[in-house]
2 protein chains.
Amino acid sequence: MNIILLSGGSGKRLWPLSNDVRSKQFIKIFRTKDGGYESMVQRVYRQIREADAEANITVATGKSQISAIHNQLGEKVAISAEPCRKDTFWAMALAAAHLKDIQGISPQESVVVCPVDPYVEKDYFMALKDLVSQAERGEANLVLLGIGAAYPSEKYGYIIPADDGDITAVKTFQEKPTAEKAREYIAQGGLWNGGVFACKLGYLLKKAQEQTDFTDYQDLYEKYDTLTNISFDYAVAEKETSIQVMRFPGQWKDLGTWNTLTEAMEEAVVGQGVMDEACRGVHIVNEMDVPILAMGLKNVVISASPEGILVADKGQSSYMKPFVDSMDNRIRFAEKSWGSYRVLDVEKGSMTIRVTLHAGHSMNYHAHKYRDEVWTVISGSGRTVVDGMEQKVERGDVITMSAGCRHTVIAETELKLIEVQIGEEISVEDKVKYDFC
Amino acid sequence: MNIILLSGGSGKRLWPLSNDVRSKQFIKIFRTKDGGYESMVQRVYRQIREADAEANITVATGKSQISAIHNQLGEKVAISAEPCRKDTFWAMALAAAHLKDIQGISPQESVVVCPVDPYVEKDYFMALKDLVSQAERGEANLVLLGIGAAYPSEKYGYIIPADDGDITAVKTFQEKPTAEKAREYIAQGGLWNGGVFACKLGYLLKKAQEQTDFTDYQDLYEKYDTLTNISFDYAVAEKETSIQVMRFPGQWKDLGTWNTLTEAMEEAVVGQGVMDEACRGVHIVNEMDVPILAMGLKNVVISASPEGILVADKGQSSYMKPFVDSMDNRIRFAEKSWGSYRVLDVEKGSMTIRVTLHAGHSMNYHAHKYRDEVWTVISGSGRTVVDGMEQKVERGDVITMSAGCRHTVIAETELKLIEVQIGEEISVEDKVKYDFC
């Protein structure tokens, strides 16, 4: 089974765990069998592998997520990364070109496309396999998965099928409706449109070529910034006449808000947290290393991260976006291809961060124009290069770098260091990369 | 007016702002006219000065609070510091000996004793002056302030007066009652016992000498650890027959819980915090440098500090003590006589802290047996002494100290530094002080 997982952009509705550089699908919140935690993307990736060990998985995403995806899924996962963000149609088209031109998949093969973050069980992946088989049969150009509407939601578009068969023609699409309209659609047998479909790889490519001329993946990639934002539903699904829908009656949840996310959590507390017996329906997700104490609360979610602290009535939490937009949103934690960093302290004229490098990885060789830096290695060992001079470093070693001085650190084991930045203007923009000497 | 302010021990009922080393009276939470914030102790000290510019104020407290008191009230305030904590009677007795033997106050003068943390207005301090005048008149050995009971509280002892005069004999004392009993006492004209009284200085000293032999302040100080814990009410007030009570009908609040503390706050938010329009009766006190977002909450207090995060129904918050006791209570922020420090990061084998020294102050000259340290000065200037070697330091300078090496820093201006501690066992106990060479 060829599968394209669409990994969407950053959202703020799960602040403070999601932010401008960290999307909700990377939050490690689901308990695994070995006692650890996995993220939405890790959960879905594992579930696909369990349903089909041979599945050919490609993640379609933006450049900013490449590091996080490699960190969470390993180095081997195929990634089709948009150079800039367009809407779903072009992300799918670029991934389709990646499958054909980079991976060498035949346009005659079928492919299933689905979002990376539904909260589902094994039956969903079995349904995806059926969807692919149906696409291979070629009865229609496009086969959608229609999700049994659990309630008259105003958040999803609806697919109205021609009849009540398991696989049937699509009669019509309906935009996100009012609750009243939604009840009407459901009475007519309407299904949620979860953005899941299967088709021949060649079909996707043909649809893309109808919109713009391109020869192959590389060509499409290069002209990507000239493309017009357009969604797959608008560009293709709503215009296609040879289209079927397959009914999926199983569990399908979109964990896009704290309200829905906490429903899917097996444990009320992730991280350090204590609640008294008077708490009801309270969830704590704490990424800080200080304890949270909750007392006498009802239906409240509490989440703390280096970005901030949310305390919200669960229902009310879905309206958080304007508040989060209005806040100071300096990034205080980021995953990088080489590891991660966390801001510990911000003062006028200085900033202190903790840097963690994975074994065998290194930062870019770089310099800063307006700040000096001091590194103190607190664990692990490796090598630093400062203006071309290489030296071994280990726990306790101190390296000072003046503004303008080129530097990097190469981790032999996992290596952690405290970096003190000193300068009048401290900014992530103040960075010049150099080729390694 | 001679006044002894009793500054009580650490309490956990205002966690995470109060902890084992930081008592509630030092939390800066009340808005001042100049736009800043003042603590309970600063507020009361200022109010006394406004009521009586000539007041002779002595703070009776424990050793651990000396730094915080000097930081908040200045270097000149008189402090009578118990070498170890006994109950109220001995704290008062030691302070009385301090007034007589260190400050040279005549035993014939009167003194008023009161807790450092009532939330009161100007009329209270006027009442204290009246209380002192009444003690000077000598109609009784002891004159208590009886606080008009605002409600049938179970938290206070009650003073039952002989009649309903403004100043009258005490008929009897009652221990903290049930609410029902409290209503009975109030019906009998009962007043709250807020631990406020006036008497001759010599009376207090005589009562102390009846309990134990001592010649003067120094002698009492030296035998302090052999004394038996005993409260003033039990040792003196309840046995005294020449005793009056003066009625105080004004505002008097004991801000010992989040519920009462937030009632006294003029602003709903102290520190970085945002709430939506659906919040009612919500208070945010945030000492962290990340934002708090509150949505859809009713009668909730949220407080965040380097020690932890509290989210509690206001009524429920008074039951927090056992939960706080059960948590990891490593100290992450402390005021010192020379400034303060804050823990930024704790890893296995290392800890990173930010140290702030006040201008003109220095740490003790000290060494650690089991850890190395690295200082990076991030603002200000001063001098470091490392194994006797003195050098000027300023922003950007780095000083490394191996285990065993003696060191200190002397701040010329306010000076901040990042200290990285590296060692297998990092503990506040690992410190040897030396005389400055």
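Residues numbered from 1 in each chain as written. Chains lettered and ligands numbered in written order. Predicted model: local features only at pLDDT ≥ 70, side-chain atom pairs only at ≥ 80, totals over all residues. Heavy atoms only, no water.

A. Main features of the overall build of chain A. If you tally the helices and strands in chain A, you get 10 helices and 30 strands. Relative to the globule expectation of 22 Å for 437 residues, the C-alpha radius of gyration of chain A, 24 Å, shows essentially globular dimensions. By its C-alpha atoms, chain A is 70 × 60 × 40 Å across when sized along the principal axes. Within the span of chain A, comprising 437 residues, buried residues form 55% of the whole. Within chain A, contacts between residues at least 6 apart in sequence are counted, and of these 66% link residues at least 24 apart. For chain A, the exposed surface amounts to about 18,300 Å²; the carbon and sulfur share of it is 47%. (Helix = DSSP H or I, 4+ residues; strand = E, 2+ residues; numbered from the N terminus. Rg over C-alpha atoms; globule rule 2.2 N^0.38 Å. Buried < 20%, exposed > 50% of the residue type's maximum accessible area, 1.4 Å probe, protein only. Contact = heavy atoms within 4.5 Å. Areas by Shrake-Rupley, 256 points an atom, 1.4 Å probe, with all protein chains shown as cover.)

B. Representation of the relation of the copies chain B and chain A. When chain B is brought onto chain A, the operation consists of a screw motion whose angular component is 180° and whose axial shift is 0.0 Å, with 0.1 Å RMSD remaining. Read as a symmetry element, the transformation amounts to a two-fold axis. Distance from the rotation axis, computed per C-alpha, reaches its smallest value in chain B at Leu-344 of chain B: 2.9 Å. A shared binding surface is used by both copies, with 100% of the interface residues of chain B retained as interface residues in chain A. (Least-squares fit on C-alpha atoms with pLDDT ≥ 70 in both.)

C. Region of the structure containing the environment of Tyr-434 of chain B. All names here are of chain B. Structurally, the position occupied by Tyr-434 is in strand β30 (residues 432-434). By relative accessible area, which is 28% here, Tyr-434 ends up partly exposed. In this structure Tyr-434 touches Tyr-365, His-366, Ala-367 and Arg-406, once residues within four positions along its chain are discounted.

D. Looking closely at the pattern of salt bridges. The tally for this structure, following the rule as stated, stands at 48 salt bridges over all chains. Residue Glu-50 of chain A is joined to Arg-46 of chain A by a salt bridge in which the shortest nitrogen-to-oxygen separation is 3.0 Å. Of the two residues, Glu-50 of chain A and Arg-46 of chain A are both situated in helix α1 (residues 40-51); the distance of 4 residues between them amounts to about one turn of the helix. Overall, Arg-46 of chain A belongs to the partly exposed group, its relative accessible area being 32%. Here Arg-383 of chain B and Glu-390 of chain B are joined by a salt bridge, their closest N and O atoms 2.6 Å apart. (Salt bridge = Lys/Arg side-chain N within 4 Å of Asp/Glu carboxyl O.)

E. Spatial organisation of the pairing of strand β22 (residues 350-357) of chain A. Residue and element names in this part refer to chain A. Of all the 8 residues making up β22, 8 are buried; the element is thus mostly covered by neighbouring parts of the structure. Side chains of β22 alternate between two faces, with Ser-350, Thr-352, Arg-354 and Thr-356 and Met-351, Ile-353, Val-355 and Leu-357 buried alike. Alignment of strand β21 (residues 339-347) against β22, held across 8 bridges, turns out to be antiparallel. Bridging from a neighbouring strand, Val-346 pairs with Met-351 of β22. In textbook terms, the turn of a hairpin is the stretch between consecutive antiparallel strands, and for β21 and β22 this stretch comprises 2 residues, one of which, Gly-349, has a positive phi near 80°. Across 8 bridges, β22 lies against strand β29 (residues 415-422) in antiparallel orientation. Among the inter-strand pairings, Leu-357 is bridged to a residue of β29, identified as Leu-415. (Pairing = 2+ DSSP bridges.)

F. Spotlight on the interface of chain B and chain A. With 58 residues of chain B at the contact, the number on the chain A side is 58 residues. On the chain B side of the interface with chain A, the three residues burying the most area are Leu-293, Met-295 and Ile-309 of chain B, jointly 15% of the side's total. The tally of links from chain B across to chain A stands at 8 salt bridges. For Arg-354 of chain A, the salt bridge identified is with Asp-345 of chain B, shortest N-O distance 2.5 Å. It is strand β19 (residues 308-313) of chain B that provides the largest number of residues to the side of chain B that touches chain A, a total of 6 residues. A class-by-class count of the residues in the side of chain B that touches chain A yields 34 nonpolar, 11 polar and 13 charged. (Buried area = accessible area lost by both parts, 1.4 Å probe. Nonpolar A, V, L, I, M, F, W, Y, C, P; charged D, E, K, R; others polar.)

G. Up close: the packing of helix α3 (residues 88-102) of chain B against helix α6 (residues 201-211) of chain B. All names here are of chain B. Between α3 and α6, the shortest axis-to-axis distance is 9 Å and the interhelical angle comes to 125°. In terms of orientation, α3 lies oblique with respect to α6. Taken as a pair, α3 and α6 cross one another with a handedness that is left-handed. Of α6, the residues touching α3 (which contributes Phe-89, Trp-90, Met-92, Ala-93, Ala-96, Ala-97, Leu-99 and Lys-100) are Leu-201, Leu-204, Leu-205, Lys-207, Ala-208 and Gln-211. (Axes fitted to C-alpha atoms, helices over the stretch in contact; angles between N-to-C directions. Parallel < 35°, antiparallel > 145°, perpendicular 65-115°, else oblique. Left-handed = near helix turned anticlockwise from the far one by under 90°.)

H. Focus on the sheet that holds β29 of chain A. Residue and element names in this part refer to chain A. The sheet built from 6 strands is open, its strands ordered β20-β21-β22-β29-β24-β27 with antiparallel pairing. Edge positions in the sheet fall to β20 (333-336) and β27 (398-401), since each has one partner strand and no second. When the angles between neighbouring strand axes are averaged without regard to direction, this sheet yields 20°. Packed on one face of the sheet, helix α2 (residues 66-73) meets β20 and β21 and runs near 75° to β20.

I. The arrangement of unusual backbone geometry in detail. With omega at 5°, the peptide bond leading from Trp-15 of chain A into Pro-16 of chain A counts as cis. Examined against the element boundaries, Pro-16 of chain A turns out to sit in the loop between β1 (2-6) and β2 (30-31). Despite not being glycine, Asn-299 of chain B shows a phi value in the positive range, around 55°. On the secondary structure map, Asn-299 of chain B appears in the loop between β17 (292-295) and β18 (300-305). Residue class for Asn-299 of chain B comes out partly exposed when judged on its relative accessible area of 43%.

J. Highlighting the sheet that holds strand β17 (residues 292-295) of chain A. Taken in spatial order, the 6 strands make up an open sheet running β15(A)-β17(A)-β19(B)-β18(B)-β16(B)-β14(B), and their pairing is mixed. Of all the strands in the sheet, just β15 (273-275) of chain A together with β14 (269-270) of chain B have a single pairing partner and so form its edges. Bridging between β15 of chain A and β17 of chain A involves 3 bridges; their strand directions are parallel. Following the sheet pairing, Gly-273 of chain A is matched in β17 of chain A by Ile-292 of chain A.

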